[in-house]
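Observations on chain architecture
Residues per chain are reported as follows:
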Amino acid sequence: MAKTLRLILGDQLNSEHSWFKTVDDSVTYVLMEIHTETDYVAHHIQKIVGFFSAMQAFAAELQANQHRVIYIYLNDPHNKQSFQQNISRLVETEKFTRFEYQLPDEYRLDVQLIALCASVQIPTSVCDSEHFMSERNELGDFFAGKKTFLMESFYRAMRKKHGVLMEGDKPRTGQWNYDGDNRMKLPKNHVPIPPLVFSNDVTEVLAEIQKSNIKTIGNIDPLQFVWPINRSQSLELLEFFVAECLPLFGSYQDAMAPNQWSLYHARLSFSMNSKLLSPAEVIHRAIQQWEAQPEKIAYNQLEGFVRQIIGWREYMRGIYWNKMPEYATLNYFNHQADLPEWFWTGNTKMNCLKDAINQSLDYAYAHHIQRLMVTGNFALLAGVHPDAVDAWYLGIYIDAIQWVEITNTRGMSQFADGGIVGTKPYVSSAAYVDKMSHYCSSCFYKKAVKTGDKACPFNSLYWNFYDKHEDKLAKNPRIGMMYKVWRNMQTEAKVALLEQADFYLKNIDQL
């Protein structure tokens, strides 16, 4: 009798997959908690707990639906702690005659599973994960022969392909992009709606992880785990977002405020990246809410959200599969510095960084502007090696899987790819942070001071960055104006700025 073993990865928890449409006693599904997945980087404890909890809940759901399931727990005495060894053992002991898996989203797993299939002495096959709205190679094909991969072009093509917010081949309102309307600072006395959080008890999962001495970062309350760990909770969070947050999402999607870790963000990325939710259903639910309440939800709020998913998310995945594995080695500026020690503790006098890092340690989450224009901006200005920045982002965020993390970090945030993802480095002085946040007024450092005592480090590091990399950036049309300003500065002012930056870089762990 034929016996098929199907592997489900921790980020393939898609109950809508065609695999599960029928129950077949000859098919067994296997999920496994293994050290090769927990140890390749120091992960946030909430990230490991979140994935293991969601995996266990998914396995229980499959069993409740009469599917055969093997679940290999982290401390199972038979656990060989790798996909290849566990699969090989199961094939041998359970006499499976066929092995199947879904396309993984990480390059390293793609390599591992291809090697695994070559090593087992039974027929194997692979199928799509049935999650994304584009194919792995679609972006590469779309931009074939082009030097630059403009996200806006891909976004419009995806809108057309899926008929999202379209009337024929034209955008529904006559305008594709409303980004210019989505850059508002949170009003000073504005109190955002409290976020929906869950109170999952994850004490048993946490205890098993702690028993294994896995190196982790961050904090956790095992009785109040706030993230969704199954599809029903994920759908509940989606409903909360479209009803309560979407009406102001676009306007304040770039805003930052002390002790406001969620604001109007959806926080659906963990559910989507683990495939508890699909991008199509998330987009269509948001559009449905807008159509039902157009007087409450302005179109710019909706379009900004749709663009994040059908635009940036699909685009970043396409870049990943087009440019890996070389992408993981790119270091355009040849940056070599280590991350400041306080990236792991939040113990810095800079309010914006203290808030973003402590929030990340407490919730395994920060929104895109905190990642891009606070922690990422500082790391780029400080000349941190992209490998170190990658490892930090990949480890600390609950939604960080390499396909989406590395393109955002090494590409958009650090410009280490030399302009594949972004047309210019995303750097700023204190002015931008102050424009979009309420951090600066109560900070130890002074936002308007460029040199001397209590000068905001962003100010001198900003000009130091441009001075150091003039050979690579001066001809970039998007930042030529900054070099004009730099060249017109008095020599004494330039020297003072560079000396201030040098002092801060040499004493970076004390900032």
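Everything that follows concerns the structure shown earlier in this document.
Residues numbered from 1 in each chain as written. Predicted model: local features only at pLDDT ≥ 70, side-chain atom pairs only at ≥ 80, totals over all residues. Heavy atoms only, no water.

**Considering the packing of helix H2 (residues 45–64) against helix H7 (residues 203–211)**
Interaxial distance between H2 and H7 falls to 10 Å at its minimum, and their mutual angle equals 120 degrees. Taken together, the axes of H2 and H7 are oblique relative to one another. The interaxial crossing formed by H2 with H7 has right-handed handedness. Side by side, H2 and H7 meet where Ile-45, Ile-48, Val-49, Phe-52, Ser-53 and Gln-56 of the first sit next to Val-205, Leu-206 and Ile-209 of the second. Taken together, the residues of the contact of H2 with H7 sort by class into 7 nonpolar, 2 polar and no charged. (Axes fitted to C-alpha atoms, helices over the stretch in contact; angles between N-to-C directions. Helix = DSSP H or I, 4+ residues; strand = E, 2+ residues; numbered from the N terminus. Parallel < 35°, antiparallel > 145°, perpendicular 65-115°, else oblique. Left-handed = near helix turned anticlockwise from the far one by under 90°. Contact = heavy atoms within 4.5 Å. Nonpolar A, V, L, I, M, F, W, Y, C, P; charged D, E, K, R; others polar.)

**Section: the side chain of His-335**
Looking at the element boundaries, His-335 is found in the loop between helix H11 (299–323) and helix H12 (351–363). Taking the relative accessible area as the measure of exposure, His-335 reaches 4% and is therefore buried. A polar atom in the side chain of His-335 sits 3.0 Å from the side chain of His-469. In this structure His-335 touches Leu-380, Gly-383, Val-384, His-385, Pro-386, Phe-465 and His-469, once residues within four positions along its chain are discounted. (Buried < 20%, exposed > 50% of the residue type's maximum accessible area, 1.4 Å probe, protein only. Polar contact = N/O pair within 3.5 Å; in protein donor to acceptor, adjacent residues only side chain to side chain.)

**A few points about helix H13 (residues 368–381)**
At Thr-375, H13 shows its maximal bend, which comes to roughly 30 degrees. Counted residue by residue, H13 has 13 buried out of 14 residues, so it is predominantly covered. Gly-383 lies just past H13 and shows a positive phi near 75 degrees. (Bend = angle between axes of the 7 residues up to and from the residue.)

**Looking at the side chain of Gln-289**
Turning to its location among the elements, Gln-289 is positioned in helix H10 (residues 279–292). Since its relative accessible area comes to 10%, Gln-289 is described here as buried. Looking at Gln-289, its side chain comes within polar contact range of the side chain of Arg-285, at 2.9 Å. In contact with Gln-289, other than residues within four places in its own chain, are Val-242, Ala-243 and Ile-297.

**Thoughts on the sheet that holds strand E2 (residues 27–32)**
One open sheet accounts for 5 strands, arranged E4-E2-E1-E5-E6; its pairing is parallel. Bordering the open sheet on either side are strand E4 (68–72) and strand E6 (124–127), each of which pairs with just one other strand. For this sheet, the mean inter-axis angle between neighbouring strands, taken without regard to orientation, is 25 degrees. Examined bridge by bridge, strand E1 (residues 4–7) and E2 share 4 bridges and lie parallel to one another. Each residue of the ladder has a partner; that of Thr-4, found in E2, is Val-27. The strands touched by H2 within the sheet are E2 and E4, with E4 carrying the most contacts at an inclination of about 155 degrees. (Pairing = 2+ DSSP bridges.)

**Overview of the packing of aromatic side chains**
In this structure the tally under the stated criterion is 44 aromatic pairs. For the pair Trp-227 and Tyr-365, a centre-to-centre distance of 5.9 Å together with 55 degrees between the ring planes defines the contact as tilted. With a gap of 138 residues between them, Trp-227 in the loop between strand E9 (216–217) and helix H8 (231–249) and Tyr-365 in the loop between H12 and H13 connect regions that are remote in the sequence. With respect to class, Trp-227 is no different from Tyr-365; both count as buried. Here the aromatic rings of Tyr-320 and Trp-321 are separated by 5.3 Å at their centres, their planes lie at 90 degrees, and the arrangement is edge-to-face. Looking at Trp-321, the relative accessible area reads 12%, which means it is buried. Ring pairing ties together the aromatic residues Tyr-332, Phe-333, Phe-415, Tyr-462, Trp-463, Phe-465, Tyr-466, Tyr-483 and Trp-486, which thus form one cluster. Stacked on the ring of Tyr-40, the Lys or Arg Arg-108 has its end atom at 3.9 Å from the ring centre. One residue, Lys-424, lies across the ring of Tyr-426, its end atom 4.7 Å from the ring centre. (Phe/Tyr/Trp six-rings, centres within 6.5 Å; stacked < 30°, edge-to-face > 60°. Lys NZ or Arg CZ within 6 Å of the ring centre and 35° of its normal.)

**Let's talk about the environment of Phe-444**
Mapped onto the secondary structure, Phe-444 falls in the loop between helix H16 (430–436) and helix H17 (457–468). Put simply, Phe-444 and Lys-454 are 10 residues apart on the chain and 6.9 Å apart in space, counted from C-alpha to C-alpha. Among residues more than four places away in sequence, those in contact with Phe-444 are Lys-349 and Lys-454.

**Some thoughts on the pattern of salt bridges**
One pass over the full model with this rule turns up 21 salt bridges. Between Lys-275 and Asp-105 there is a salt bridge; the shortest N-O distance is 2.4 Å. Placement of Lys-275 in the loop between helix H9 (269–273) and H10 and of Asp-105 in the loop between strand E5 (98–102) and helix H4 (107–119) is noted, with a sequence separation of 170 residues between them. Take Lys-275: its relative accessible area is 2%, and that puts it in the buried class. (Salt bridge = Lys/Arg side-chain N within 4 Å of Asp/Glu carboxyl O.)

**Side note on H8**
Every α-helix winds through 3.6 residues per turn, so residues three or four apart in the chain are directed the same way. Over its 19 residues, H8 runs only 23 Å from end to end, short of the ideal 27 Å by more than 12%, given 1.5 Å per residue. Those residues of H8 that sit buried are Arg-231, Gln-233, Ser-234, Leu-237, Leu-238, Phe-240, Phe-241, Val-242, Cys-245, Leu-246, Pro-247 and Phe-249. Buried positions along H8 lie against H9, H10 and H11. (Expected span 1.5 Å × (residues − 1).)

**Comments concerning the pairing of E6**
In this sheet, E6 lies alongside E5 in parallel orientation, the contact comprising 4 bridges. Bridge assignment links Glu-100 to a residue of E6, and that residue is Ser-125. This β-α-β element, E5 to H4 to E6, shows right-handed connectivity. (Right-handed = clockwise from strand over helix to strand, strands pointing away.)

**Remarks on the nonpolar core**
Core analysis: the biggest nonpolar cluster contains 151 residues, and Phe-305, Tyr-315, Leu-353 and Phe-378 have the highest contact counts within it. When residues in this core are grouped by element, the largest group, 11 residues, is from H11. Formed by 20 residues, the second largest nonpolar core is a distinct cluster that contains Leu-9, Ile-34, Phe-83 and Cys-117. (Core = buried A, V, L, I, M, F, W, Y, C linked by side-chain atoms within 4.5 Å.)

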